Amino acid sequence: MNNTATTGLAAGMALGFAGFFGGFWAFLLVLVLGAAGLIAGLVLQGDLDLRTRRQR
């Protein structure tokens, strides 16, 4: 994982921690936003091309 993907993951986690005080649902929020941040970072970095995945 390179710097852009790590930055995307950190951004998603930071957004998730804004809702940290909600218990289990906050955990799910952190998990989902962390994954979204990781995917966004990989797309911006060029390691993940979503256009090839949508053609199926």
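For the structure itself, look to the data block above.
This one's a predicted model, so the numbers in the text were calculated from it and none came from an experiment.

### Section: the overall build of the chain
Helix and strand counts for the chain come out as three helices and zero strands. A buried classification covers 18% of the 56 residues belonging to the chain. Considering only contacts within the chain whose residues lie at least 6 apart along the sequence, 53% involve residues at least 24 apart. When the accessible area of the chain is evaluated, it comes to approximately 4,400 Å², of which 68% is carbon and sulfur surface.

### Points about the environment of Gly12
Looking at the element boundaries, Gly12 is found in helix α1 (residues 3-17). Expressed as a C-alpha distance, the spacing of Gly12 and Ala40, which sit 28 residues apart in the sequence, is 9.2 Å.

### Examining the pattern of salt bridges
One pass over the full model with this rule turns up one salt bridge. Residue Arg51 pairs with Asp49 through a salt bridge whose shortest N-O separation is 3.4 Å. Accessibility expressed as a relative area gives 33% for Asp49, which makes it partly exposed.

### Quick word on a nonpolar patch on the surface
On the surface, a cluster of nonpolar side chains totalling about 410 Å² of accessible area is made up of Phe17, Phe20 and Phe21. Relative to the helices and strands, Phe21 resides in the loop between α1 and α2 (24-45). Judged by its relative accessible area of 78%, Phe21 falls in the exposed class.

### Focus: the environment of Leu33
Inspection of the secondary structure puts Leu33 in helix α2. Judged by its relative accessible area of 25%, Leu33 falls in the partly exposed class. Between the C-alpha atoms of Leu33 and Phe17, which are 16 residues apart in sequence, the distance is 9.5 Å.

Definitions and cut-offs
- Residues numbered from 1 in each chain as written.
- Predicted model: local features only at pLDDT ≥ 70, side-chain atom pairs only at ≥ 80, totals over all residues.
- Heavy atoms only, no water.
- Helix = DSSP H or I, 4+ residues; strand = E, 2+ residues; numbered from the N terminus.
- Buried < 20%, exposed > 50% of the residue type's maximum accessible area, 1.4 Å probe, protein only.
- Contact = heavy atoms within 4.5 Å.
- Areas by Shrake-Rupley, 256 points an atom, 1.4 Å probe, with all protein chains shown as cover.
- Salt bridge = Lys/Arg side-chain N within 4 Å of Asp/Glu carboxyl O.
- Patch = residues over 30% accessible without salt bridge, like charges linked within 9 Å, V, L, I, M, F, W, Y side chains within 5 Å.

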